[in-house]
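A structural walkthrough
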Amino acid sequence: GATIANLAGGVFDVQSDATLAYIGFGNGITFANTGLFKKTAGSGVFTFNAGTFDNPGTVSVRSGTFALNASGTSTGGRFEVDAGSTLSFGANYNFDGATLAGPGQTTIASSALFFNGATTTLSGWLQLAKNSALLGASTLEVTGKLDWIGGAMAQTGLTKIAVGGELLLFGA
């Protein structure tokens, strides 16, 4: 399959509410972000479901919603979500020493986030929804806010609520 490589120092700026999709030719797209991937315009949803999205760089959601419906890995990468914006994981995704930051909302929708390797820091706001999971053998350190609405935390990993962090448990 094809690769889109946003190199260190590069900027990939999404300025619309559209979908980047795999349409069945070849093996799908690999998006390799070592630079800055940002959504800066449109109050609706930009959806990526074209293959694999790897992020050792920075993803910044400044407007609307970025629906990441593709698997991938973030090793040392950063996901920033501005107030009033949303980052939604709709496919299984792997974290190794990454950071989830910002006052905006990050959701896990019918998928799993895997934490392996180095500690991943949640300084933003994450919602674990029904039919979703936090999995892995590493540590998720919550210095921000984790809303556990449904789903599961499993395997041998550690979810650590740091000083100033919050875990809110919801449910029927």
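Preceding this section is the structure that the text describes.
Residues numbered from 1 in each chain as written. Predicted model: local features only at pLDDT ≥ 70, side-chain atom pairs only at ≥ 80, totals over all residues. Heavy atoms only, no water.

Our next topic: the overall build of the protein. Regarding its fold elements, the protein presents zero helices and 24 strands. Referenced to the eigenvectors of the C-alpha coordinate spread, the extents of the protein come out at roughly 40 × 35 × 30 Å. Per-residue burial for the protein yields a buried fraction of 44% across its 172 residues. Taking all contacts inside the protein whose residues are at least 6 apart in sequence as the whole, residues at least 24 apart take part in 23%. (Helix = DSSP H or I, 4+ residues; strand = E, 2+ residues; numbered from the N terminus. Buried < 20%, exposed > 50% of the residue type's maximum accessible area, 1.4 Å probe, protein only. Contact = heavy atoms within 4.5 Å.)

This part is about the pattern of salt bridges. Scanning the model with the defined rule gives two salt bridges in all. For K39, the salt bridge identified is with D17, shortest N-O distance 3.0 Å. Residue K39 is located in strand β5 (residues 36-39), and its partner D17 is located in the loop between β2 (11-14) and β3 (19-21); the two are separated by 22 residues in the primary sequence. Measuring nitrogen to oxygen at the nearest pair gives 2.7 Å for the salt bridge that ties E80 to R78. R78 gets classed as partly exposed once you look at its relative accessible area, which sits at 33%. (Salt bridge = Lys/Arg side-chain N within 4 Å of Asp/Glu carboxyl O.)

To continue, consider the pairing of strand β20 (residues 139-142). In this structure, strand β17 (residues 120-122) lies alongside β20, joined through three bridges in parallel fashion. What sits directly across from L122, in β20, is V142. Two strands pair when backbone bridges link them, and β20 and strand β23 (residues 158-161) are joined in this way by four bridges, in the parallel orientation. Considered in β23, the bridge of E141 is made with K160. (Pairing = 2+ DSSP bridges.)

Here we take up the sheet that holds strand β21 (residues 145-148). One open sheet holds the eight strands; their spatial order is β3-β6-β9-β12-β15-β18-β21-β24, and the pairing between them is parallel. Both edges of this open sheet fall to β3 and β24 (166-169), since each of them pairs with a single strand only. Ignoring strand direction, the axes of neighbouring strands in this sheet form an average angle of 15°. Strand direction decides the pairing type here: β21 and β24, joined by four bridges, are parallel. Note on β24: the bridge partner recorded for D147 is L168. (Axes fitted to C-alpha atoms, helices over the stretch in contact; angles between N-to-C directions.)

Moving on: the pairing of strand β9 (residues 65-68). A two-sided burial pattern is seen for β9, the buried positions comprising T65 and A67 on one face and F66 and L68 on the other. Examined bridge by bridge, strand β6 (residues 45-49) and β9 share four bridges and lie parallel to one another. Directly across from F46, in β9, lies its bridge partner F66. Note: β9 against strand β12 (residues 86-89), four bridges, orientation parallel. Counted as the bridge partner of L68 is F89 from β12.

Right, let's get into unusual backbone geometry. One non-glycine residue, S110, lies in the positive phi region at around 50°. Tracing the backbone through its elements, the reader meets S110 in the loop between β15 (105-108) and β16 (112-115). Despite not being glycine, N131 has its phi angle at roughly 65°, a positive value. Along the chain, N131 turns up in the loop between β18 (125-128) and β19 (133-136). On the basis of relative accessible area, N131 is assigned to the exposed category, the value being 57%.

Relative to the helices and strands, T139 is located in strand β20. On the accessibility criterion, T139 (16% relative accessible area) is buried. Setting aside residues no more than four positions away along its own chain, T139 makes contact with T119, T120, L158 and K160.

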